[in-house]
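Now for the letters of each chain:
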Amino acid sequence: KQEVTQIPAALSVPEGENLVLNCSFTDSAIYNLQWFRQDPGKGLTSLLLIQSSQREQTSGRLNASLDKSSGRSTLYIAASQPGDSATYLCAVKGTYKYIFGTGTRLKVLA
Amino acid sequence: DAMVIQNPRYQVTQFGKPVTLSCSQTLNHNVMYWYQQKSSQAPKLLFHYYDKDFNNEADTPDNFQSRRPNTSFCFLDIRSPGLGDAAMYLCATSRDEGDEQFFGPGTRLTVL
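Below or above, wherever it landed, is the structure these notes cover. Everything numeric here is computed off the predicted structure, so don't read it as measured data. (Residues numbered from 1 in each chain as written. Chains lettered and ligands numbered in written order. Predicted model: local features only at pLDDT ≥ 70, side-chain atom pairs only at ≥ 80, totals over all residues. Heavy atoms only, no water.)

A word on the interface of chain B and chain A
Part 1 of the reasoning: Taken together, the contact pairs 20 residues of chain B with 19 residues of chain A.
Part 2 of the reasoning: When chain B packs against chain A, the two sides together hide about 1,600 Å² of surface, and 55% of this comes from carbon and sulfur.
Part 3 of the reasoning: Linking chain B to chain A there are 1 salt bridge.
Part 4 of the reasoning: Between Lys 97 of chain A and Glu 57 of chain B there is a salt bridge, with the nearest N and O atoms lying 2.6 Å from each other.
Part 5 of the reasoning: The interface formed by chain B and chain A holds 6 residue pairs in polar contact (both at pLDDT 80 or more) in total.
Part 6 of the reasoning: When residues of the side of chain B that touches chain A are traced back to their parent elements, those giving at least two are strand 4 (31-37), strand 5 (44-50) and strand 9 (87-94) of chain B. (Contact = heavy atoms within 4.5 Å. Buried area = accessible area lost by both parts, 1.4 Å probe. Salt bridge = Lys/Arg side-chain N within 4 Å of Asp/Glu carboxyl O. Polar contact = N/O pair within 3.5 Å; in protein donor to acceptor, adjacent residues only side chain to side chain. Helix = DSSP H or I, 4+ residues; strand = E, 2+ residues; numbered from the N terminus.)

Pasting the structure below:
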């Protein structure tokens, strides 16, 4: 059974810092992995999708990497801004459905 | 703009009183999903449709039902809501299974 873990659960950083969020999964037989952002009381916004054959994807200040063999993905945020404050969730797609982690709650301090 | 729309954004119901949540999409995607997300927890898949084919998760209570009358709309029916069903309900779509998922803003359900 696939399990997805995100550590730390919460993170506070000063504005301008580069940071890395972690996502671990137990079953390496994945189809793809997707990173989302969720603002309080809102739905999920897709940030990046990495197919199982890819190693990384980039969008603006965001870079996501995938290492299937070790069961890990990281989301790198460059030059963090207060507007980046949100909960970041990763979701791993196995045979037919996505399994979500519980997220990392990020606060970027001005 | 193509999007996923959920109505209402906030729903209050009484214990045991049936409630229906609505999701519509302008993306023309084949797959529509319903997730339940409780406070500080990961979204949990309840069921999904691939076109008209319904796929129920094994641990989804019978109290939860869904309808997809056409490509654009999908409904979540909770037949007899209990206090434990209070949560955010998220609708998502993808072009095909395994493709990028796009989420609506969610419906926050309160059960009194």
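A look at the pairing of strand 6 (residues 56-59) of chain A
Residues and elements named next belong to chain A.
Part 1 of the reasoning: Note that strand 6 and strand 7 (residues 62-67) share 4 bridges and pair antiparallel. Looking at strand 7, one finds that Ser 59 is bridged to Leu 62.
Part 2 of the reasoning: In sequence, strand 6 turns back onto strand 7 through a hairpin of 2 residues, with Gly 60 there showing a positive phi of about 60 degrees. (Pairing = 2+ DSSP bridges.)

A closer look at the pattern of salt bridges
Pairing is possible between side chains that carry opposite charge, provided their charged atoms lie close to one another.
Part 1 of the reasoning: Going through the model one piece at a time under the given rule, you end up with 6 salt bridges over all chains.
Part 2 of the reasoning: With its nearest N and O atoms 2.8 Å apart, the salt bridge here joins Arg 61 of chain A to Asp 84 of chain A. Of the two residues, Arg 61 of chain A sits in the loop between strand 6 and strand 7 while Asp 84 of chain A sits in the loop between strand 8 (72-77) and strand 9 (86-93), which places them 23 residues apart along the sequence.
Part 3 of the reasoning: A relative accessible area of 30% places Arg 61 of chain A in the partly exposed class.
Part 4 of the reasoning: The buried category is assigned to Asp 84 of chain A, whose relative accessible area is 7%.
Part 5 of the reasoning: Taking the shortest distance from any N to any O, the salt bridge between Asp 59 of chain B and Lys 44 of chain B comes out at 3.5 Å. Placement of Asp 59 of chain B in the loop between strand 6 (53-56) and strand 7 (64-67) and of Lys 44 of chain B in strand 5 is noted, with a sequence separation of 15 residues between them. (Buried < 20%, exposed > 50% of the residue type's maximum accessible area, 1.4 Å probe, protein only.)

Points about the sheet that holds strand 3 (residues 19-25) of chain A
Two orientations exist for strands paired in a sheet by backbone hydrogen bonds: parallel and antiparallel.
Part 1 of the reasoning: Strand order across the open sheet formed by 5 strands is 1-3-8-7-6 (chain A), with antiparallel pairing between neighbours. The open sheet terminates on both sides in strands that have one partner only, identified here as strand 1 (4-5) and strand 6 of chain A.

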